[in-house]
Amino acid sequence: MGKTYARMDGRLRTFIEAQPMFFTATSPLDAEGTVNLSPKGVSGSFAVLDELRVAYLDFAGSTAETVAHLRENGRITLMWCAFQGPPNIVRVHGRGEPVFRDDPRFPELLARFDGVDPSRHGLRAIIVVTAELIRDTCGYGVPFMRYDEDRPLHGQRFAREDDASLSAYFEKKEHVATSIDGLPGLPLPLPVMPPAS
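Before going into details, it helps to say that this report is about the structure given with it.

Calculation notes
Residues numbered from 1 in each chain as written. Predicted model: local features only at pLDDT ≥ 70, side-chain atom pairs only at ≥ 80, totals over all residues. Heavy atoms only, no water. Helix = DSSP H or I, 4+ residues; strand = E, 2+ residues; numbered from the N terminus. Buried < 20%, exposed > 50% of the residue type's maximum accessible area, 1.4 Å probe, protein only. Arc of directions from axis to C-beta. Contact = heavy atoms within 4.5 Å. Patch = residues over 30% accessible without salt bridge, like charges linked within 9 Å, V, L, I, M, F, W, Y side chains within 5 Å. Areas by Shrake-Rupley, 256 points an atom, 1.4 Å probe, with all protein chains shown as cover. Salt bridge = Lys/Arg side-chain N within 4 Å of Asp/Glu carboxyl O. Lys, Arg positive; Asp, Glu negative; His and termini not counted. Charge placed at Lys NZ, Arg CZ, Asp CG, Glu CD. Polar contact = N/O pair within 3.5 Å; in protein donor to acceptor, adjacent residues only side chain to side chain.

Some points on the environment of Asp9
Point 1. Here Asp9 lies in the loop between β1 (3-5) and α1 (10-18).
Point 2. Residues Asp9 and Glu51 lie 42 residues apart in sequence; the distance between their C-alpha atoms is 6.0 Å.

Structure representation (structure tokens):
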């Protein structure tokens, strides 16, 4: 059954890094607010930073609920499921922070993601999560599913955007600068992407 871990290393880290997708869950403090659950799966957009911290690239989308919730309260849960091999589910409960393009830490963090071209996906921020509770469970109810490949559509859609047009795209979306529940979301206009180091 379930086990609690002090850190993400060894077999646990290997499992997390091998999964082609994961899920993020956040919510506002308001009990009537909207809980958000998002799938993440662009290859190369996730990194284990150390035994207690992970990060992922926050790409262009039509809302910014995760960013808004993290700016308000920092609570986040990440979940990985084994769709192949032995059954397993891993959850990391922790505190998350969006690191925006104009943050001095951004270039150093971005250098940790060498398996993906972020310019093709409209990179908005890097989400850094510090684990407070790490658990796995059996995953007996998770079905077998096969991973074939990433869908190319997201990269095809946002590769044609530059910083100015991407910012204009976000400004037209109702729930990017402000969440569904009225919380501050992505700061706009979008800061210019720092040069690659």
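Let us keep going from here.
Quick notes on α1
Point 1. Residues of α1 that are buried include every one of Leu12, Phe15 and Ile16, and no others. Taken around the axis of α1, the buried residues stretch over an arc of 95 degrees, which confines them to a single face. Across from the buried face of α1, at angles greater than 90 degrees, the exposed residues are Arg11, Thr14 and Ala18.
Point 2. The inward-facing, buried residues of α1 contact β1, β4 (46-48), β6 (75-81), β7 (89-100) and β8 (125-137).

Side note on a negative patch on the surface
Point 1. A cluster of acidic side chains, namely Asp30, Glu32, Glu72 and Asp181, defines a negative patch on the protein surface.
Point 2. Residue placement: Glu72 occurs in helix α2 (residues 65-72).
Point 3. Accessibility expressed as a relative area gives 33% for Glu72, which makes it partly exposed.

Description of the side chain of Ser38
Point 1. Note that Ser38 resides in strand β3 (residues 36-40).
Point 2. A residue is classified by how much of its surface remains accessible, and Ser38, at 14% relative accessible area, is buried.
Point 3. Of the polar contacts made by the side chain of Ser38, one reaches the side chain of Asn36; its length is 3.1 Å.
Point 4. What Ser38 contacts, discounting residues up to four positions off in sequence, is Phe22, Phe23, Thr24 and Thr66.

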